[in-house]
Amino acid sequence: MMKKSKKLAALLMAASMAALTACGGSSTPETTAAAGDAPAETTAAVELAEGESVSQDTDITAAMLVDFTTMDPMDTSDTLSGGIQRLIMDGLFGFDDDMKIIPMLATDYEANEDATEFTIHLREGIQFTDGTPWNAEAAKANFDRWGDKELGLKRTTLLCNILKSTEIVDDYTVKVTLESPFGAFIPTLAHPACVVMSPAVIAQGNDACATNPVGTGQYTFVEWIAGEHATIALNKDWWGYDPEICGGTALVDADAGFKTITFKPVAENATRVAMLQSGDAQLIWPVPTESIESLRGDANVSVGQEEGIVVRYLMMNNQKAPFNDVRVRQAINYAINKEAYCAVVKNGVATPATSIIGPAVQYYKANDVYPYDIEKAKALLAEAGYPDGFSTSVMCASTTSNLKQCEFLQQQLAQVGIDLQINALESAVVNQKVQDVDVPGSEAEVEMYVIGWSPSTGDADWGIRPLMAVESEPPMSYNICYYENEEVDQLLQDALSTADDAKRAEAYAKVQDIIWEECPLISLANDANTWATSKNMVDVKVFPDNCINLRNGKMSK
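Basis of the calculations
- Sequence order sets the numbering: in each chain, residues are counted from 1 along the sequence as written.
- Only residues with pLDDT of at least 70 are given local features in this predicted model, and only at 80 or more are side-chain atom pairs given and counted; all residues enter the totals for whole chains, interfaces and linings.
- Neither water nor hydrogens contribute to the side-chain values; these are computed over all heavy atoms in the structure.
- As a per-residue measure, pLDDT tells how confident the predictor is, with possible values from 0 to 100.
- Contacts were defined at the residue level, with two residues in contact if any of their heavy atoms lie within 4.5 Å.
- Put simply, DSSP H or I for four residues or longer makes a helix, DSSP E for two residues or longer makes a strand, and each gets a number counted from the N terminus.
- Exposure above 30% relative accessible area and the absence of a salt bridge qualify a residue for a patch, where like charges join within 9 Å and nonpolar side chains (Val, Leu, Ile, Met, Phe, Trp, Tyr) within 5 Å.
- Values of accessible area rely on a 1.4 Å probe in the Shrake-Rupley scheme; residue burial ignores everything except the protein chains shown.
- Should a side-chain nitrogen of Lys or Arg be within 4 Å of a carboxyl oxygen of Asp or Glu, the pair is scored as a salt bridge.
- Charged residues are defined narrowly, with Lys and Arg counted positive, Asp and Glu counted negative, and His plus the chain ends left uncounted.
- By convention, the point assigned to a charge is CZ for Arg, NZ for Lys, CD for Glu and CG for Asp.
- A 3.5 Å cut-off defines polar contacts: any pair of N or O atoms within that distance qualifies, except that in protein one atom must be a possible hydrogen donor and the other a possible acceptor, and neighbouring residues in sequence count only when both atoms are side-chain atoms.
- Paired rings are identified among Phe, Tyr and Trp, the last through its six-membered ring, by centres lying within 6.5 Å, and are further divided according to the angle between planes into stacked (under 30 degrees), edge-to-face (over 60) and tilted (the rest).
- Burial here depends on accessible area, computed with a 1.4 Å probe over protein chains only, as a share of the maximum for the residue type. Under 20% is buried, over 50% is exposed, and the range in between is partly exposed.
- Definition of nonpolar core: a set of buried residues of the types Ala, Val, Leu, Ile, Met, Phe, Trp, Tyr and Cys, connected through side-chain atoms within 4.5 Å.
- Only strands joined by at least two bridges in the DSSP assignment are considered to pair.
- By this rule the span expected of a helix is its residue count minus one, scaled by 1.5 Å.
- It is the directions from the helix axis to the C-beta atoms whose arc is reported.
- The angle between two axes is taken between their N-to-C directions and runs from 0 to 180 degrees, where each axis is a line fitted to C-alpha atoms and a helix contributes only its stretch in contact.
- Here the angle decides the label: under 35 degrees means roughly parallel, over 145 means roughly antiparallel, 65 to 115 means roughly perpendicular, and every other value means oblique.
- Crossings are assigned a handedness: left-handed for a near helix turned anticlockwise from the far helix by less than a right angle, right-handed for a clockwise turn.
- Side-chain classes follow a simple rule in which Ala, Val, Leu, Ile, Met, Phe, Trp, Tyr, Cys and Pro form the nonpolar group, Asp, Glu, Lys and Arg form the charged group, and the remainder, Gly included, forms the polar group.

Engineer: Could you give me a rundown of the confidence of the model for the protein chain, with the residues and numbers involved?
Structural biologist: Overall, the prediction assigns the protein chain a mean pLDDT of 89, with 91% of residues at 70 or greater. Every residue in residues 1-45 scores below 50 in pLDDT, and together they form 155 contacts with partners more than four places removed in sequence or on other chains.

Next comes the structure, spelled out in structure tokens:
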């Protein structure tokens, strides 16, 4: 029996009208941004009526913290690179401004009740910017690449172990059969790694995909000089401007978009801010937290701050004493003042986390924040056999922000007798010691670890399973807690074994409750995504996963 999804063509019209009016793990806070419980006010200097924008004749410069890593979506593990790829290449499905799934190159789909067969209907009247037609053959070429286990690229495992076969039903329909039930299949297709590339480029191999991406997107790739800049140019023939192709309402206004966008990596926070204020850049993101208030006072600048989906964690190795005792983990949760963490470490640009996933993630369920209670923490430690506390260490990449948060945690835990040593190392060394190891948790070096996680599918599966499932213990994924709970594993599989939203929601709610009670990690905070633009730029935002959102960006005269 096939289960019909919501008609996504209708969803596109509703979502695009709403939108037009309004990555993976990271241990480096500056390179990802996260969620707050409620959006902060976004300042906008001007509002433009349709037809008033001059942006399509305007070249702009955007300054960001670090450089891109590749132009191949299947070899990308950072949200920054995924953001520019989303501008060049569309996916079958994507997200509106609030991280709700909308149809892109697909119009709708059907799934069987076991979530093992998905029939996907494709949007007609579209071609890649190299002239290759978008049709079922092009879709199959991309599914075949996503399922190729021999590629050895960073995101190969996203789908390669799930995809079984892709069948062309007709010119604009494909049937995808999976190896096992996977209820998160459609959200996964909205992940930045699953944007669609021209079959002509795919045929040229991985090097071409990494250096000369061709998609159906709003922009075309011009060049990327590593360490200097990357430039993209407006595609005025983009299907998103065409109301007929979009199903009645265009995805963006006819005058949206910029003539060219040049992205420049600028590591120094003060330099990025100075570029914006001098006019050398029209967009920066993220905004250094220490500069937000001063930029808000600048009449020539607009600052944006909204809810994201990255949650910041303090992970504990549950297979090593004393963290194998739930009372110790709970004590640490009570010993950390989450409000103070947000104020001191994040300069107020964050809110205390209320789940392992952020509020904008599908199937999120809120829990009460563990109150700051020193006496409760001490009592639990004494009950667990540690009345005088203990000594341990936290590992992190050696960045200013990481050291700041680890020093805060060190001070907090000292109040309950826990002596926390900070082991700050180069990022590559941290990866080797934490993520690339292949030993039982009891033998792993890591004791505590700070990390942020962004589920760029917008779905609870990718927000929980890589961090908490037994199958995700290093080196397979990011269960650096070495948390093992049979009930959680079963619930995660139950949620993937159905395409029924209600059943998935029920399973993920139970998972979030269990994790909150057992504290395999401490959910510290949801950061806010931040960006700043010149005052005459409007409708430039950041998606909740911290990918830049320029879809309907405009510039006033």
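Engineer: Could you give me a rundown of unusual backbone geometry, with the residues and numbers involved?
Structural biologist: For the peptide bond that leads from W285 to P286, omega is -10 degrees, which places it in the cis range. When you line up the elements, P286 lands in the loop between β13 (283-285) and α9 (292-296). That bond from P474 to P475 is cis: its omega, 10 degrees, falls within 30 degrees of zero. Locating P475 in the fold gives a position in the loop between α15 (460-468) and α16 (486-496). Backbone geometry places Y482, a non-glycine residue, at a positive phi of 50 degrees. Position of Y482 relative to the elements: it lies in the loop between α15 and α16. With phi around 80 degrees, N546 is a residue other than glycine that occupies positive phi space.

Engineer: Break down a negative patch on the surface for me, with residues and values.
Structural biologist: A contiguous patch of negative charge, built from E124, E137, D170 and D171, is present on the exposed surface. One can find D171 in the loop between β8 (163-170) and β9 (173-178).

Engineer: Explain the environment of T530 to me, using residue names and the numbers behind them.
Structural biologist: For T530, the position within the fold is in strand β19 (residues 521-534). T530 sits 416 residues away from D114 along the chain, and the two C-alpha atoms are 40 Å apart. In contact with T530, other than residues within four places in its own chain, are W285, P286, V287, I292, G304, Q305, V349 and V542. A distance of 2.9 Å separates a polar side-chain atom of T530 from the backbone nitrogen of V287.

Engineer: Could you give an account of the packing of aromatic side chains, naming the residues involved and the relevant values?
Structural biologist: Applying the stated criterion across every chain yields a total of 18 aromatic pairs. Relative to F185, the ring of F118 lies with its centre 4.8 Å away and its plane at 50 degrees, an arrangement referred to as tilted. In this pair, F118 sits in strand β7 (residues 117-122) while F185 sits in helix α4 (residues 185-189), placing the two residues 67 residues apart along the sequence. With respect to burial, F118 and F185 carry one shared label: buried. For the ring pair W238 and Y241, a centre distance of 5.6 Å and an interplane angle of 90 degrees mean the geometry is edge-to-face. In this structure W238 comes out as buried when scored by relative accessible area, which is 3%. These aromatic residues form a ring-pair network of at least three members: F93, Y109, F118, F143, W146 and F185.

Engineer: Can you tell me about the nonpolar core, naming the residues and giving the values?
Structural biologist: L92, I120, F185 and F263 are the most contacted members of the largest nonpolar core, which has 124 residues in total. When residues no more than four places from it in sequence are discounted, the contact partners of F185 are F118, I120, F143, L159, L163, V176 and L178. The next biggest cluster of nonpolar side chains, apart from the first, holds 36 residues, and it includes I374, L380, A384 and F408.

Engineer: Hey, could you go over the pairing of strand β10 (residues 219-225) for me, with residue numbers and the actual values?
Structural biologist: On any regular strand, side chains alternate: one points to one face of the sheet, the next to the other face. Where β10 and strand β11 (residues 229-234) come together, six bridges link them in antiparallel fashion. Paired with E223 across the bridge in β11 is T231. Hairpin remark: β10 followed by β11, antiparallel, with three residues in the connecting loop; positive phi at G227, about 85 degrees.

Engineer: Lay out helix α13 (residues 400-414) with the relevant residues and their values.
Structural biologist: Spanning 15 residues, α13 covers 21 Å between terminal C-alpha atoms, matching the ideal 21 Å at 1.5 Å per step. Those residues of α13 not exposed but buried are N402, Q405, C406, F408, L409, Q412 and L413. In a view along the axis of α13, the buried residues occupy a sector of 155 degrees, so they form one face of it. For α13, exposure combined with an orientation more than 90 degrees from the buried face picks out T400 and Q411.

Engineer: Explain the packing of α16 against helix α17 (residues 501-518) residue by residue, including any values.
Structural biologist: Between α16 and α17, the least distance of the axes is 8 Å, while the angle of their chain directions is 160 degrees. Classified by the angle their axes make, α16 and α17 are roughly antiparallel. Like other packed secondary-structure pairs, α16 and α17 cross with a definite hand, here left-handed. For the pair α16 and α17, contact is made by E487, V488, L491, L492, A495 and L496 and by R504, A507, Y508, K510, V511 and I514, respectively. Looking at side-chain class alone, the contact of α16 with α17 contains nine nonpolar, no polar and three charged residues.

Engineer: Describe the side chain of R155, and please don't skip the residues or the numbers.
Structural biologist: Position of R155 among the secondary structure elements: in the loop between α3 (136-146) and β8. The side chain of R155 is buried and forms no salt bridge, while D78, the nearest opposite charge, is found at 7.9 Å. A distance of 3.0 Å separates a polar atom in the side chain of R155 from the backbone oxygen of T76.

Engineer: Tell me about the pattern of salt bridges, residues and numbers included.
Structural biologist: Inspection of every chain in the model, using the stated rule, returns 19 salt bridges. Of the charged contacts in the structure, one is a salt bridge between E445 and K433, with a shortest N-O distance of 3.1 Å. With E445 in the loop between α14 (427-434) and β18 (448-453) and K433 in helix α14, the pair connects residues that are twelve residues apart, well separated along the chain. Overall, K433 belongs to the partly exposed group, its relative accessible area being 28%.

Engineer: Lay out the packing of helix α10 (residues 326-335) against helix α12 (residues 374-383) in plain terms, naming residues and giving numbers.
Structural biologist: Between α10 and α12, the shortest axis-to-axis distance is 8 Å and the interhelical angle comes to 165 degrees. In terms of axis orientation, α10 runs roughly antiparallel to α12. Read as a crossing pair, α10 and α12 show a hand that is left-handed. Contact residues: α10 offers R327, V328, Q330, A331, Y334 and A335, while α12 offers I374, K376, A377, L380, L381 and E383. In terms of residue class, the contact of α10 with α12 is made up of eight nonpolar, one polar and three charged.

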